[in-house]
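# Chain and residue survey
Residues per chain, in single letters:
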Amino acid sequence: MDGSSAEAAAHRYQSLFSDVAGISSRELLEDSLLPSSTPTTSSIQPKWRFHGHNVLLVDVRTDSERDVSMISGAVSLDEFKTNILSSLESRVESDSDSALPDMIVTYCTIGFRSGMEARNLIHEYPTIFAGWENDDNSAQEEGRTSITKVGNLDGIIPFALLSTWA
């Protein structure tokens, strides 16, 4: 499977989740890693940028899948829910921590499980997360001072193929 075929297959899965932004590995790689001039031990510190957003990648695959490969700077879904979600909830209340990501991008192998998880985050935590169609102005109109967007990466397979050939 080449990069174009993997992207096309992933796009079909992403289209099933119209309320979640489909994020292209190609675009994410073009925006590339943030400079690592400030080393951090915090898993909350975003390592990626996408269209001006500080992005935290969340790997929703199983432990055995993550043992094989994981995108640099990503956290597991368990780590996200255990250690990071409460910080995002606190930010909504205080709007104080600019080091937190303003976009969460879930990923799996080719985008289906991550699309389901992205949709779940938006629906289970509506005061924290928004789909791509919501903007910061609508959050402020609703009385929320901060919002974290949620997206769904087209998968680790397109990412790996594209990053290898880049």
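A brief structural summary. Everything quoted here is computed from the prediction, not taken from an experiment.

### Brief notes about the environment of Ser69
- With respect to the helices, strands and loops of the structure, Ser69 is situated in the loop between α3 (63-68) and β4 (75-76).
- The exposure class of Ser69 is partly exposed, given its relative accessible area of 31%.
- Residues Ser69 and Ala160 lie 91 residues apart in sequence; the distance between their C-alpha atoms is 9.4 Å.

### Regarding the pattern of salt bridges
- Taken as a whole, this structure holds five salt bridges when the rule is applied.
- Ionic pairing is found between Arg119 and Asp19, a salt bridge with its closest N-O pair at 3.2 Å. Highlighted residues: Arg119 in helix α5 (residues 112-124) and Asp19 in the loop between α1 (3-14) and β1 (21-23), separated in sequence by 100 residues.
- For Arg113, the salt bridge is made with Glu65, and the minimal N-O distance between the two is 2.9 Å. Remark: Glu65 occurs in helix α3 and Arg113 occurs in helix α5; sequence separation between them is 48 residues.
- Judged by relative accessible area, Glu65 falls into the partly exposed class, the value being 22%.

Rules used throughout
- Each chain has its residues counted from 1, following the order in which its sequence is written.
- Owing to the predicted nature of the model, reporting of local features is limited to residues with pLDDT of at least 70; listing and counting of side-chain atom pairs is limited to 80 or more, with chain, interface and lining totals taken over all residues.
- Excluding hydrogens and water, the side-chain values take into account all heavy atoms of the structure.
- Under the scheme used here, helices are H or I runs from DSSP no shorter than 4 residues and strands are E runs no shorter than 2 residues, and both carry numbers assigned from the N terminus.
- Only protein chains enter the calculation, and the probe is 1.4 Å; a residue is then buried if its accessible area is under 20% of its type maximum, exposed if over 50%, and partly exposed in between.
- Any carboxyl oxygen of Asp or Glu within 4 Å of a side-chain nitrogen of Lys or Arg constitutes a salt bridge here.

Coordinates in, geometry out; function isn't part of it.
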